[in-house]
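Descriptive structure summary
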Amino acid sequence: MTSLRQRQAEPQGQDTMVKKAPRPERSELLMPAGNLLKLKMAVLYGADAVYLGTPDMSLRVKSQFALEDVIEGVRFAHEHGVRVYLTLNLFSHNKDIVKLPTFIETIRQIKPDGVIIADPGVFNFVAMNAPDLELHISTQANVCSWLSVDFWEKQGASLVVMAREVSFEELGEIREKCPDIKLEAFIHGSMCMTYSGRCLLSNFMAERGANQGSCANSCRWNYKVHMKLKDGTIKELELTEENKELFEFFLEEDHRQGELLPIEEDDRGSYILNSKDLCLMPVLDDYLKLGVDSLKVEGRGKSPYYAAAVARAYRMAIDDWYSDPENWSPDIYMEELQSVPSRGYTFAFHEGRLTNHAHNYEHTATIAEFEYAGHIDRVDEEALYVSVKNKLVAGDVLEFLPPKHRDTVMLRLYDYDIVQKNGRPQRPETATEVNAGPQPVIRIPFSSFDRMTPDEVIAMLPPYSIVRKERALTQAEWDRIKLDTAAQRVELGVGSEALYRRRLDTLKDSIDEAKTNLRPKSPRLGVEGCCGRGCNGCLVFWNDPSYAKARELLAKKKSGEMLNTDMHDSKIDAALNRGIEADGQEQKKSA
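Residues numbered from 1 in each chain as written. Predicted model: local features only at pLDDT ≥ 70, side-chain atom pairs only at ≥ 80, totals over all residues. Heavy atoms only, no water.

Along the chain, the position of Ala163 falls in the loop between strand 6 (159-161) and helix 8 (168-177). Note on Ala163: relative accessible area 4%, which makes it buried. Along the backbone, Ala163 and Ser138 are 25 residues apart, and their C-alpha atoms lie at a distance of 8.5 Å. (Helix = DSSP H or I, 4+ residues; strand = E, 2+ residues; numbered from the N terminus. Buried < 20%, exposed > 50% of the residue type's maximum accessible area, 1.4 Å probe, protein only.)

Looking now at the environment of Ser448. Structurally, Ser448 is set in the loop between strand 25 (441-445) and helix 13 (454-460). Judged by relative accessible area, Ser448 falls into the buried class, the value being 18%. On a C-alpha basis, the gap between Ser448 and Gly537 in space is 5.9 Å, while along the polypeptide they are 89 residues apart. Those residues in contact with Ser448 that lie beyond four places of it in its chain are Leu411, Leu413, Asn536 and Gly537. (Contact = heavy atoms within 4.5 Å.)

Time to look at the confidence of the model for the chain. Averaged over every residue, the pLDDT of the chain is 82; the share at 70 or more is 73%. The low-confidence segment residues 266-271 (pLDDT under 50) makes 19 contacts with residues lying over four places distant or belonging to another chain. In this model, residues 565-584 is a region of pLDDT below 50 whose contacts with residues beyond four sequence positions or in other chains number 28 contacts. (pLDDT = per-residue confidence, 0-100.)

Once that is clear, we can look at the pattern of salt bridges. Pairing between side chains of opposite charge can happen when their charged atoms approach one another. In total, this model carries 31 salt bridges according to the counting rule given. Across the pair Lys469 and Asp396 runs a salt bridge whose closest N-O atoms are separated by 3.7 Å. With a gap of 73 residues between them, Lys469 in strand 26 (residues 466-470) and Asp396 in the loop between strand 19 (392-393) and strand 20 (397-401) connect regions that are remote in the sequence. No difference in accessibility class separates Lys469 from Asp396, as the two residues are buried. Linked through salt bridges whose partners overlap, the residues forming this network are Glu371, Asp396, Lys469, Arg471 and Glu477. (Salt bridge = Lys/Arg side-chain N within 4 Å of Asp/Glu carboxyl O.)

Orientation of helix 14 (residues 475-492) relative to helix 15 (residues 497-513), taken along the N-to-C sense of each, is 160°, at an axis distance of 9 Å. The angle between the axes of helix 14 and helix 15 places the two elements in the roughly antiparallel class. The element helix 14 and its partner helix 15 pack so that their crossing is left-handed. Contact with helix 14, carried on its side by Gln475, Ala476, Asp479, Arg480, Lys482, Leu483, Thr485, Ala486, Ala487 and Val490, involves Glu497, Tyr500, Arg503, Leu504, Thr506, Leu507, Ser510 and Ile511 of helix 15 and no other residues of that element. When its residues are assigned to classes, the contact of helix 14 with helix 15 shows 9 nonpolar, 4 polar and 5 charged. (Axes fitted to C-alpha atoms, helices over the stretch in contact; angles between N-to-C directions. Parallel < 35°, antiparallel > 145°, perpendicular 65-115°, else oblique. Left-handed = near helix turned anticlockwise from the far one by under 90°. Nonpolar A, V, L, I, M, F, W, Y, C, P; charged D, E, K, R; others polar.)

Moving on: the packing of aromatic side chains. If you walk through the whole model with that rule in mind, you get 9 aromatic pairs. Their ring planes at 80° and their centres at 5.1 Å tell us that Trp321 and Tyr322 sit as a pair that is edge-to-face. The exposure class assigned to Trp321 is buried, which follows from its relative accessible area of 10%. Three or more aromatic residues link up through ring pairs in this structure, and these residues are Phe123, Phe151 and Trp152. The ring of Phe186 has Arg164 sitting right over it, with the charged end atom 3.9 Å from the ring centre. Its guanidinium or amino end placed over the ring of Tyr385, Arg378 lies 4.2 Å from that ring's centre, counting from NZ or CZ. (Phe/Tyr/Trp six-rings, centres within 6.5 Å; stacked < 30°, edge-to-face > 60°. Lys NZ or Arg CZ within 6 Å of the ring centre and 35° of its normal.)

See the structure below:
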């Protein structure tokens with residue numbers, strides 16, 4: 001039998017018989033998996049395929065996959081009919097090559113559905129030594145033309161991941177000229193401010209190589225403004241109330257004279273390189289019509305909530321398009337994606353070049369109206385057990401996201417039974433506040449779901465189901481969310497640039513005023529009142545006579561859907577609709 005070293009020494013070329021897979025009938029949803037928990041959530045919430053890797057060879061040194069986890073993850077995914085692609089997409093140094101023989105022999109035993117590679121030398125090595133593995137070309141290879149796709153197809157690649165800089169028009173031409181090979185495109189996730197991740201900023205600032213999987217995200221850092229005096233000394237320019245009106249700072253690119261990019265500094269520093277996150281949901285139907293074989297979501301380092309909620313939104317969107325493409329609309333799926341923390345959404349290079357709406361300079365935090373409250377750890381005959389990931393207080397409304405149902409389940413709780421801390425079971429402890437620090441697990445009996453039977457709860461909410469809750473935000477954060485919405489509408493060609501500018505000015509004013517009052521989107525009255533959504537466990541809604549008409553009308557609506565001004569008490573309506581009315585007035589002013 002030929003040894004691995006002997007096969008490595010044999011001539012390599014295009015005649016090598018590498019496993020190649022035909023194109024699928026439908027576009028697949030490809031989700032990231034940064035650890036075993038995220039993999040299981042992505043699988044349960046609708047991924048057709050997941051991609052993952054071990055820390056040393058996959059451009060993610062923070063990957064939490066040990067080899068044993070990879071084996072279990074592949075087994076779990078395959079049991080659910082989901083494909084697994086392993087990442088081997090580093091740019092190799094000599095020190096990496098010695099690891100390849102052991103790595104290849106190991107992954108052949110795991111039997112992944114594909115291996116993602118960027119380095120041509122690594123590609124040849126795997127093609128020669130593991131021809132039974134399907135080979136995919138990573139986005140790190142920067143493939144931007146049909147000529148490059150054709151080259152890799154001739155080398156034996158089954159799939160090519162297109163560079164993020166490829167426009168939709170270019171993608172259409174590539175599909176036409178390369179009809180037989182599978183194409184993959186990013187549709188959602190963080191954007192790098194450089195060319196497909198070819199960044200040297202991290203190397204320079206922190207000696208951490210972006211192309212070795214240890215990017216320090218230097219483009220997200222804050223930077224201080226300094227000035228150099230004539231005598232050569234360098235001092236920090238301290239802006240005070242007395243002198244701040246004397247200075248303005250801008251960047252000007254040589255070929256765009258007159259287009260001045262402001263550099264503004266607040267008490268956190270200056271942010272000049274921060275890209276918004278990619279989100280192609282509003283134009284997803286174009287990619288499905290074109291026949292892009294794999295629709296890829298970025299985010300191996302994101303939270304389990306991200307993996308579940310994003311998979312859920314795109315799963316529904318893709319299935320609905322295939323069921324009825326003529327009447328497909330992205331609106332309801334975008335509402336779901338707005339619940340996921342982001343830096344704001346952009347179409348990036350979809351139209352061919354970035355616009356000024358693709359970056360956030362004034363407010364760069366990752367925010368959303370909701371946060372990850374926890375996930376169902378296990379279920380027994382009497383209760384759900386939820387692993388808590390953010391602080392819970394009495395009166396919080398927990399929203400459960402069923403993996404196989406579109407309607408969410410709302411539950412308001414006034415106290416919590418803590419049955420585990422720091423991985424150790426304990427005597428049940430009842431509390432009105434739960435902090436996530438000690439990794440608590442709370443027990444929620446089926447009787448808490450007073451509008452559902454135990455069988456319905458068990459059927460809808462299996463282990464690994466996600467739980468989220470509304471997050472209190474500062475006024476500046478609420479204004480940032482409104483600005484992001486306006487910017488995306490402008491990118492779509494249906495929004496008002498004047499409205500965008502006004503919302504930008506409003507955000508700047510909010511930041512300047514440093515407002516710190518936190519308020520959620522809907523009323524948070526807890527035991528004193530009701531938000532009017534008819535949550536499981538809400539004593540006010542289900543027992544107060546003033547909500548009788550609301551209860552009658554809610555029976556005709558799905559759980560969690562807001563009631564309008566004709567349905568219940570006007571005082572609650574005013575609170576619910578305050579933000580909606582303000583937006584409506586703003587739109588009228590814009591028109």
